[in-house]
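These are the residues of each chain, in order.
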Amino acid sequence: MGRMDGIRNIVILTGAGISAESGLRTFRAEDGLWEDHRVEDVATPQAFRRDPELVQRFYDLRRENVLAALPNPAHDALARLDREWRGDLLIVTQNIDDLHERAGASRVLHMHGEALSAWCTACDARHRWTGTLLDRPPCPACGAAQLRPDIVWFGEMPYQMDRIFAALARADLFVSIGTSGAVYPAAGFVQQAASHGARTLELNLERSLGSSAFDETRLGPASELVPQWVDEVLG
Ligand code: BJW
C-alpha cells in the first residue's frame, strides 16, 4: 500500500480499537465493556424499555469516560490526513466518542450515534448532552422527560447509510482501523468497497473476523500504525 497512484477517494472505518489507547475500553476484549454488562442488557431498545435506569446509568458513565478521555496519536494522524488530503475523504466511525473531532477532524460520520448527544423520543430533537440522563431531565425543546442516549442499538438502523454506501461505491481505498468485524453492516463495508474496485487495508492489533477480505493487513497498536500509514499517504 506504499504507492498512492490513482487514489483520490478514501473511506476510513474506525472502531473501538482506535480509542483503546485513550483509555476507552473496547467491547470484545477480555476486560471489555461487555464483561461487566451483557450486551442484551444495555444495547437494545428492548433492554431500554425493560430497565431504562440500568441503561441510562451505563451511558451516563460512558459519557463521563468520553469527556475525560483525550485523542491519541492515531486520532491526531487522521485529523492531519483530513486537513491535508485534497481528494474525498470520509471517516466513518462506529465509536460514540468525539475523539476524532477533538483531534481536529471534520469529515467524520458517527454511524452508531454519539455519547454526547441526547435524543428526545417525544419531539425527535437532538441536543448536545454532557450531563446525566438517569435523573430524567426535560427536553430543552419540548419539555418532555423522554430523552434517551442518541445511540444506535442492536436492531436499529445505523445512521446515514445512504451516504456511507455512496462513499464506499466511489472509494479508491478503504481502510479499516481497530474494529473486530463482529457487527453488521460495518463488517460488510470491506466487501462493498472491494466489489466497486477499491484497494483495502486493515490496521488492527489482532486480525478482525473478516481479515481475509483485505488486500493487506498490518498488525500493531493504532497509535503506531496509523501515524506511519498517514505519513506514507501524504508522502
Ligand atoms: C486495537 C487496539 C489498539 C484493540 N490498536 N486496534 C446476523 C448476521 C448479520 C447481521 C446480523 C445478524 N444478526 C443480527 C444482525 C444485525 C446486528 C449485528 O451485526 N449483530 C451481530 C452481533 C451479528 N446489527 C445491527 O443490529 C445493526 N443494525 C442493523 O443491522 O440494521 C439493519 C441494517 C441492515 C442493512 C443495512 C443497514 C442496516 C446495529 C448495530 C449497532 C451496534 N451498536 C453498538 C453499541 C453502540 C453503543 C455503545 O457504544 O454502547 O456499537 S455494538 C458495539 O459493537 C458498538 C461498536 O460500534 C460495535 C463494533 O465494535 P468494534 O468497534 O469493532 O469493537 P470490538 O471491541 O469488537 O473490537 C475492537 C478491535 O480493536 C479488536 O479488533 C482489537 O483487536 C482492536 N484493538 N486495541 C488497534 N491499541
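Structure's up top.
From a predicted model like this one, the values you see are computed outputs, not experimental measurements.

**Student:** For the overall build of the protein, give the residues involved together with the corresponding values.
**Tutor:** When you go through the protein residue by residue, the secondary structure sums to 10 helices and nine strands. Over its C-alpha atoms the protein spans a radius of gyration of 18 Å, differing by no more than 12% from the 18 Å that the globule rule assigns to 235 residues. When each of the 235 residues of the protein is scored for burial, the buried share is 53%. Considering only contacts in the protein between residues 6 or more positions apart, those separated by 24 or more positions represent 65%. For the protein, the accessible area works out to roughly 11100 Å², and carbon and sulfur atoms hold 49% of it.

**Student:** Please give an account of the environment of Ala182 that cites residues and values.
**Tutor:** Checked against the element boundaries, Ala182 lands in the loop between strand 7 (173-177) and helix 9 (189-195). The spatial distance from the C-alpha of Ala182 to the C-alpha of Thr93 is 15 Å, given a sequence separation of 89 residues. Ignoring anything within four residues of it in the chain, the contact list for Ala182 reads Arg28 and Leu209.

**Student:** Can you break down the nonpolar core residue by residue, with the values?
**Tutor:** Within the largest apolar cluster, 27 residues are counted, with the highest numbers of intra-cluster contacts made by Ile10, Ile12, Leu78, Leu81, Ile177, Val226 and Trp229. Put simply, the parts of the chain that give this core at least two residues each are strand 1 (10-14), helix 6 (73-84), strand 2 (89-93), strand 7, strand 8 (199-204) and helix 10 (222-234). For this core, the leading source of residues is helix 10, giving six residues. For Val226, the contacting residues outside a window of four places in its chain are Ala74, Ala77, Leu78, Ile177 and Leu203.

**Student:** A description of helix 6 should follow, citing residues and the corresponding values.
**Tutor:** For helix 6, which comprises 12 residues, the first-to-last C-alpha distance of 16 Å matches the rise-based estimate of 16 Å (1.5 Å per residue) to within 8%. Here helix 6 has its buried residues at Ala74, His75, Ala77, Leu78, Ala79, Leu81 and Asp82. Of the surrounding secondary structure, the elements contacted by the buried residues of helix 6 are strand 1, helix 1 (17-20), strand 2, helix 7 (99-103), strand 7 and helix 10. The backbone nitrogen of Ala74 lies 2.7 Å from a side-chain oxygen of the residue at the head of helix 6, namely Asn72.

**Student:** I'd like a description of the site of the ligand, backed by residues and values.
**Tutor:** Around the ligand, 35 residues are found, and the nearest of them are Arg28, Arg62, Thr179, Ser180 and Tyr184. The separation between an oxygen atom of the ligand and a polar main-chain atom of Gly17 is 3.4 Å. A distance of 3.1 Å separates an oxygen atom of the ligand from a polar side-chain atom of Asn204. Grouping the constituent residues of the shell around the ligand by class yields 19 nonpolar, 11 polar and five charged.

The rules behind each value
Residues numbered from 1 in each chain as written. Predicted model: local features only at pLDDT ≥ 70, side-chain atom pairs only at ≥ 80, totals over all residues. Heavy atoms only, no water. Helix = DSSP H or I, 4+ residues; strand = E, 2+ residues; numbered from the N terminus. Rg over C-alpha atoms; globule rule 2.2 N^0.38 Å. Buried < 20%, exposed > 50% of the residue type's maximum accessible area, 1.4 Å probe, protein only. Contact = heavy atoms within 4.5 Å. Areas by Shrake-Rupley, 256 points an atom, 1.4 Å probe, with all protein chains shown as cover. Core = buried A, V, L, I, M, F, W, Y, C linked by side-chain atoms within 4.5 Å. Expected span 1.5 Å × (residues − 1). Polar contact = N/O pair within 3.5 Å; in protein donor to acceptor, adjacent residues only side chain to side chain. Near = heavy atom within 4 Å. Nonpolar A, V, L, I, M, F, W, Y, C, P; charged D, E, K, R; others polar.

Purely geometric stuff here, so don't read any function into it on its own.
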